[in-house]
Amino acid sequence: MLELVFLIVGLAILAAAVTVVVVRRTPADKTQTAIRAGLLDTEPTLTPPAELRPGMIGVLADGDAGLRDIKVTLLDLATRGYLVITAADTPGGRPTWELARTSKPADDSGLLDYERILLDGPLRDGPASLNELHHHPDAPLETARTSLSDHIRALDWLTTDVREHHSRWGWIGALVLVLGLLATAFMLIDWVATKDFRGVIGGLGVIAAGVLLASNGRARSLFTPAGQIARAHAEQLRQELHDLRSEDIPVSAVSSEFGRLLPWAIGFGSEDRLASTVDDELRRAANWGQDVRLQLGWFISGTGRPDEKTAHRVGSELARVVNRKMSSGRAKRIISHV
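Here is what the cut-offs are and how they apply
- Residues numbered from 1 in each chain as written.
- Predicted model: local features only at pLDDT ≥ 70, side-chain atom pairs only at ≥ 80, totals over all residues.
- Heavy atoms only, no water.
- Core = buried A, V, L, I, M, F, W, Y, C linked by side-chain atoms within 4.5 Å.
- Buried < 20%, exposed > 50% of the residue type's maximum accessible area, 1.4 Å probe, protein only.
- Helix = DSSP H or I, 4+ residues; strand = E, 2+ residues; numbered from the N terminus.
- Contact = heavy atoms within 4.5 Å.
- Phe/Tyr/Trp six-rings, centres within 6.5 Å; stacked < 30°, edge-to-face > 60°.
- Patch = residues over 30% accessible without salt bridge, like charges linked within 9 Å, V, L, I, M, F, W, Y side chains within 5 Å.
- Areas by Shrake-Rupley, 256 points an atom, 1.4 Å probe, with all protein chains shown as cover.
- Salt bridge = Lys/Arg side-chain N within 4 Å of Asp/Glu carboxyl O.

## A closer look at the nonpolar core
Ranked by internal contacts, the top residues of the largest apolar core, which has 65 residues, are W97, F258, V278 and L318. Looking at this core, the element that brings in the most residues is helix 11 (residues 254-268), giving 8 residues. Residues in contact with V278, not counting those within four places in the same chain, are I249, V254, F258, L294 and A311. With 5 residues, the next largest nonpolar core counts A17, V176, V206 and A209 among its residues.

Shown next, in the form of structure tokens:
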């Protein structure tokens, strides 16, 4: 009889834990699922949502604002006409950028605070290398990274009670787990005496319930419903970039489209895919007798010869700098969730 009681109680606790996990599934999760499912039925637009910037992709991936996000932002500002990037090498032979402001004013209402910091900082006094900005006394890159973190918080994409959320569900899950372990140990002894395994099954059910409840906090702690929706929009754009075909890019707009999409592609880590698509379109145009070149007024390659520009070469030169870690004596700053 005791074994049957343990079985019923254990399965009831497990069912309750599963119910909690299902009920706590937020509307944002359902929206994300709907958006992803819609990818099968809708044509790609390659139009990012207004609230998104390429520099936010990394934050939406793991909640951390890093130097890579700021370098992607600098690339995005260049493609939007605010900067000119010249590929260069450091004295040690490592790739970097020389950055120069253009005449385009930075009073555009479409600029965000962390973007203005990058444009209104030391670059106002003349061109500077990325390494110089990184070690500048005013720390413009670090300041921009902090501003990016503040902007994400203002959008309410990240939860602000991560520690409390982890603690609450962690304690509940841990308590249920301990009870499950004790119940299972007791019923194992009972099983040896009575040969009735039903009580052990009940104890294992309580253990499973504890694990589910504890993991529920970890799974739900980082992004708010608004953040989940933003992540779904970013995933939709990533998938559209992945599915992009050369014939989707008008020959007359190949340079502008490549520039517009490249910061997003590098942010997602899919620059090779985009470059292949663009180079295929350029080759296709050449086969039809059209002499189309990749004209990027915002980027001067390492060779300095624009006639040698290909999408692969440009994407590779820019991605190498974005993905390269830079040494610094400053501690890495991470988004604070409290």
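## A closer look at the packing of aromatic side chains
In the structure shown here, the tally under the stated rule is 3 aromatic pairs. For the pair W191 and F197, a centre-to-centre distance of 4.9 Å together with 70 degrees between the ring planes defines the contact as edge-to-face. Classification of W191 as partly exposed rests on a relative accessible area of 35%. With a centroid separation of 5.9 Å and an interplanar angle of 45 degrees, the aromatic rings of W298 and F299 are classed as tilted. For W298, a relative accessible area of 9% gives the class buried. Exposure remark for F299: the relative accessible area of 1% places this residue in the buried category.

## Digging into the environment of L60
Mapped onto the elements of the fold, L60 is located in helix 3 (residues 57-62). For L60, the residues in contact, after removing those within four places along its chain, are L52, W157, F223, G227, A230, R231 and A234.

## Here we look at a nonpolar patch on the surface
Judged by side-chain polarity, M1, L4, V5, I8, V9 and I13 come together as a nonpolar surface patch covering roughly 540 Å² of accessible area. Its place among the elements puts L4 in helix 1 (residues 2-23).

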